[in-house]
Amino acid sequence: MKIMVNLEGTDNYQEFDINENLSILDLKANLSTVFDFSWNEMELLLNDRVLANHLILNKIGIDDNVLILRRVKSNLAASRSLTHNTSSISGGNSSLGQVFSQYMSNQRGGNNNNRGYNNFGGYNNNPLAALMSSFRSNAKEEFIKKRVKELQDRFLTSPDDLNALFNSNPELAEAIVAGNTPKVESIVRKQVEEAENKRKEEEMEYIRLMNSDQNDPEVQKKIAKIIQQKNIDENLRKAEEYMPETLFPVHMLFIHLEINKQKVVALVDTGAQSTVMSQDLCKKCDLFNLCDTRYSGIAKGVGTSKIIGTVHAAQIKIQGKVLMAKITVIENSSIGFIFGLDNMRAHRCTIDLKLNGLVFPALNITAKFLSDGEIKKIKEEQDEEDEKRAIEEAKKASLEKK
């Protein structure tokens, strides 16, 4: 059905094509996309009679009459009793309604006070067309194209970020690498539509709660939860905008070194008090004969492990330069090699994330940290070795039983 709405006290008349089964509350939510104020600041009048929110359009006999839209002071008194329970959530002295109304106002964007024809028919019975205003047709497509370009520019120029994306969203990563722009657009469009649907559901729930018993403790809890989630979502949006790199998993810092011609991948860990290596690796590097078992004991950290002993002065080669290092040998075979704080202090090391390496000033070298791709490859190789070792141990145990 078509209706004509006049903003009271102005010559602003607007015609709308809407579903006749909408309630007055639904219509107000739709009108908030056009007029620059919220649904709860609206009164709709027909022949000088204020229409209640629950009334249905096709039941009130609009015919050719004009609906008058009156702006009134927002009725937030009922929600003010909730403020003292949620002041830490809302971040100030504002009532819950004010906090949420401000949020939704930001979501809706600008107004449209020109005469014209607006079609709400596509939203059927959806009372939350307000949430679609920021993504209307052209604006939505422009946003998607802009987002696609941002993603392509970022991940095609940052191998580490692209590798992280392959772990978190392989479909998107493959589309970006393949240069399949339509596919990337499809993925982004799906994300945008999911966000739209979520916002619609949230405002529908809020409208329902604001029209229910505000003194009900359960209603108070639900409204407080909505506002808390809005603050969390806004915090996440800021992270995505200003610190997108923090949203991807960060790998630990590893370097290459050499012990008695054996290549070793070492974890650089300032949280490790001592430099440690596993008993198996110690034997592989031909250092076990130098292990002083008088320094045995128990190593405590994340879990515990038996200390076999200590190699007091092992020769370690990094980028062709030799340095001496004290190494604690432990029983745990999964440890590998951890370059700890003791040797970092001894050699006055600096972790330089700009240079992406561990700096040894006395040797005038910088041991570059491994890339995410190198770490992933090494981990896969280690997993294969562990699997082979497990199979061999199982076979050995089976033969011993026989």
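As shown above, the structure is provided for reference.
Calculation rules
Residues numbered from 1 in each chain as written. Predicted model: local features only at pLDDT ≥ 70, side-chain atom pairs only at ≥ 80, totals over all residues. Heavy atoms only, no water. Helix = DSSP H or I, 4+ residues; strand = E, 2+ residues; numbered from the N terminus. Buried < 20%, exposed > 50% of the residue type's maximum accessible area, 1.4 Å probe, protein only. Contact = heavy atoms within 4.5 Å. Areas by Shrake-Rupley, 256 points an atom, 1.4 Å probe, with all protein chains shown as cover. Pairing = 2+ DSSP bridges. Axes fitted to C-alpha atoms, helices over the stretch in contact; angles between N-to-C directions. Arc of directions from axis to C-beta. Polar contact = N/O pair within 3.5 Å; in protein donor to acceptor, adjacent residues only side chain to side chain.

A. Expanded view of the overall build of the protein chain. For the protein chain, the helix and strand inventory stands at twelve helices and 16 strands. Out of the 402 residues in the protein chain, the part that is buried amounts to 39%. Long-range contacts, defined as pairs at least 24 residues apart, comprise 58% of the intrachain contacts of the protein chain with a sequence gap of at least 6. Surface accessibility of the protein chain: about 23600 Å² in total, with carbon and sulfur atoms responsible for 49%.

B. Quick look at unusual backbone geometry. Despite not being glycine, Asp 48 shows a phi value in the positive range, around 65°. As for its position among the elements, Asp 48 is in the loop between β3 (42-46) and β4 (49-50). You can call Asp 48 exposed: its relative accessible area is 75%. Positioned with a positive phi, Gln 319 is a non-glycine residue whose angle comes to about 50°. By the secondary structure assignment, Gln 319 is in the loop between β11 (303-318) and β12 (321-330).

C. Expanded view of the sheet that holds strand β14 (residues 350-352). Strand order in the open sheet made by the three strands is β14-β15-β16, with antiparallel pairing throughout. Where the open sheet ends on each side, the last strands, each with one partner, are β14 and β16 (365-368). Ignoring strand direction, the axes of neighbouring strands in this sheet form an average angle of 30°. Both strand β15 (residues 357-360) and β16 contribute to a ladder of four bridges, which runs antiparallel. In the strand pairing of β16, Val 359 is matched with Thr 366.

D. The pairing of strand β2 (residues 13-17), seen in detail. Residues Gln 14 and Phe 16 of β2 are buried on one face, while the alternating residues Tyr 13, Glu 15 and Asp 17, pointing to the opposite face, are not. Inspection of the sheet shows strand β1 (residues 2-7) paired to β2 by five bridges, in the antiparallel sense. Looking across to β2, one finds that Lys 2 is bridged to Asp 17. Hairpin remark: β1 followed by β2, antiparallel, with five residues in the connecting loop; positive phi at Gly 9, about 85°.

E. Representation of helix α7 (residues 170-177) within the structure. Buried residues of α7: Leu 172, Ala 173, Ala 175 and Ile 176, and no others. Along α7, the residues classed as buried sweep out an arc of 165° about the axis, all on the same side. Positive backbone phi, at 70°, marks Gly 179, one or two positions downstream of α7.

F. Region of the structure containing the side chain of Ser 305. Looking at the secondary structure, you find Ser 305 in strand β11. At 3.3 Å, the side chain of Ser 305 and the backbone nitrogen of Asn 332 are in polar contact. Among all residues touching Ser 305, those that are not within four sequence positions of it are Gly 297, Ile 298, Ala 299, Ile 330, Glu 331 and Asn 332.

All we've got here are geometric facts, nothing functional implied.
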